[in-house]
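Tertiary structure, described
What follows is each chain in one-letter form.
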Amino acid sequence: MPVGEGLALYTAATDAAALGLPLLEVGTYCGRSTILLADAARAAGVTALTVDHHRGSEEQQPGWEYHDPTVVDPEVGRMDTLPTFRRTLHAAGLEDHVVALVGRSPQVAAVWGGKVGFVFIDGGHTDEHANGDYEGWAPHLAAGGLLVIHDVFPDPAHGGQAPYRVYLRALASGAFTEVSVTDSLRVLRRTGTGI
């Protein structure tokens, strides 16, 4: 995540943390963005939640552009970013401010019983995964809470289109109003009901 987008993410998390509800991230990977959410959560006395199966997204699999062989578990032969994520939190001194939910986002969302003040969608970039993240977590977003979507590229030449389509869907729903745009990061506030 570029610095400008990271700062915008942190600003949004700080704003949302004032609601006194957990901040939720979908798509942990190795935890860089989690640090931003955890710091905002710590300052507000709330908790950052991060959801990931830690097996990597489509573009991180062997043979793809963003594959990192250093996060492949040699015993299992599959990606496992959880150990790296835990080291990242430890090095930042933020372990006490984060709850890691290890599993597939729609499954975790289906059993989640509470409201959150912030939902950051940065998981899988297929339509199936991006829509599953949105449909699973947007209903848990409290009134006035922030929905943040990463990797929104209106021009297909710049990136995948699934996050962009979720962004358009959220705006078209009438439940969200755009707050800010920073490169590929979109911040929307829940101002209505539904998804």
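Here goes a summary of the coordinates provided. (Residues numbered from 1 in each chain as written. Predicted model: local features only at pLDDT ≥ 70, side-chain atom pairs only at ≥ 80, totals over all residues. Heavy atoms only, no water.)

Some remarks on the pattern of salt bridges
Scanning all chains against the criterion turns up four salt bridges. For Arg165, the salt bridge identified is with Asp127, shortest N-O distance 2.9 Å. Taken as a pair, Arg165 in helix α6 (residues 162-172) and Asp127 in helix α5 (residues 127-137) lie far apart in primary sequence, 38 residues in all. On the accessibility criterion, Arg165 (40% relative accessible area) is partly exposed. Look at Asp127 and you get partly exposed, because its relative accessible area is 34%. Where Arg169 meets Glu135, a salt bridge forms, and the shortest distance between an N and an O atom there is 2.7 Å. With a gap of 34 residues between them, Arg169 in helix α6 and Glu135 in helix α5 connect regions that are remote in the sequence. For Arg169, a relative accessible area of 28% corresponds to the partly exposed category. (Salt bridge = Lys/Arg side-chain N within 4 Å of Asp/Glu carboxyl O. Helix = DSSP H or I, 4+ residues; strand = E, 2+ residues; numbered from the N terminus. Buried < 20%, exposed > 50% of the residue type's maximum accessible area, 1.4 Å probe, protein only.)

Some points on empty space enclosed by the protein
Following the criterion strictly, the structure yields one cavity of 30 Å³ or more and no others. Empty space within the largest cavity amounts to approximately 40 Å³. Classifying every residue of the lining of the largest cavity gives three nonpolar, four polar and one charged. (1 Å grid on protein atoms, 1.4 Å probe; cavity = no way out; pocket = protein on both sides within 12 Å on 5 of 7 lines; lining within 4 Å. Points joined across faces, edges and corners; volume = space filled by probe spheres on them. Nonpolar A, V, L, I, M, F, W, Y, C, P; charged D, E, K, R; others polar.)

Overview of the packing of aromatic side chains
In the structure shown here, the tally under the stated rule is three aromatic pairs. With centroids separated by 6.2 Å and ring planes inclined at 55°, the aromatic side chains of Trp112 and Trp137 adopt a geometry described as tilted. Pair noted here: Trp112 is in the loop between α4 (105-111) and β6 (116-121) and Trp137 is in helix α5, with a separation of 25 residues, a long-range link. Judged by its relative accessible area of 25%, Trp112 falls in the partly exposed class. Taken together, a centroid distance of 6.4 Å and an interplanar angle of 55° make the contact between Tyr134 and Phe176 tilted. With a gap of 42 residues between them, Tyr134 in helix α5 and Phe176 in strand β8 (residues 176-182) connect regions that are remote in the sequence. Grouping residues by exposure puts Tyr134 and Phe176 together as buried. Here the guanidinium or amino end of Arg186 rests over the ring plane of Tyr167, the centre of that ring lying 5.4 Å away. (Phe/Tyr/Trp six-rings, centres within 6.5 Å; stacked < 30°, edge-to-face > 60°. Lys NZ or Arg CZ within 6 Å of the ring centre and 35° of its normal.)

Some details on the sheet that holds β6
Spatially, β5-β2-β1-β6-β7-β9-β8 is the arrangement adopted by the seven strands of the open sheet, whose pairing is mixed. Taken across any chain shown, the strands that pair with only one partner, and hence form the sheet edges, are β5 (98-102) and β8. Adjacent strand axes in the sheet meet at a mean angle of 20°, parallel and antiparallel pairs treated alike. Of the pairings in the sheet, the one linking β6 to strand β7 (residues 141-149) comprises five bridges and is parallel in character. Within the sheet, the bridge partner assigned to Ile121 lies in β7 and is Ile149. The sheet strands contacting helix α1 (residues 3-17) are β1 (23-26), β6, β7, β8 and β9 (185-190), and the helix crosses β6 at an angle near 160°. (Pairing = 2+ DSSP bridges. Axes fitted to C-alpha atoms, helices over the stretch in contact; angles between N-to-C directions. Contact = heavy atoms within 4.5 Å.)

Here's the deal with the environment of Pro69
Note on placement: Pro69 falls in the loop between β2 (48-52) and β3 (72-73). Taking the relative accessible area as the measure of exposure, Pro69 reaches 56% and is therefore exposed. Put simply, Pro69 and Met79 are ten residues apart on the chain and 7.9 Å apart in space, counted from C-alpha to C-alpha.

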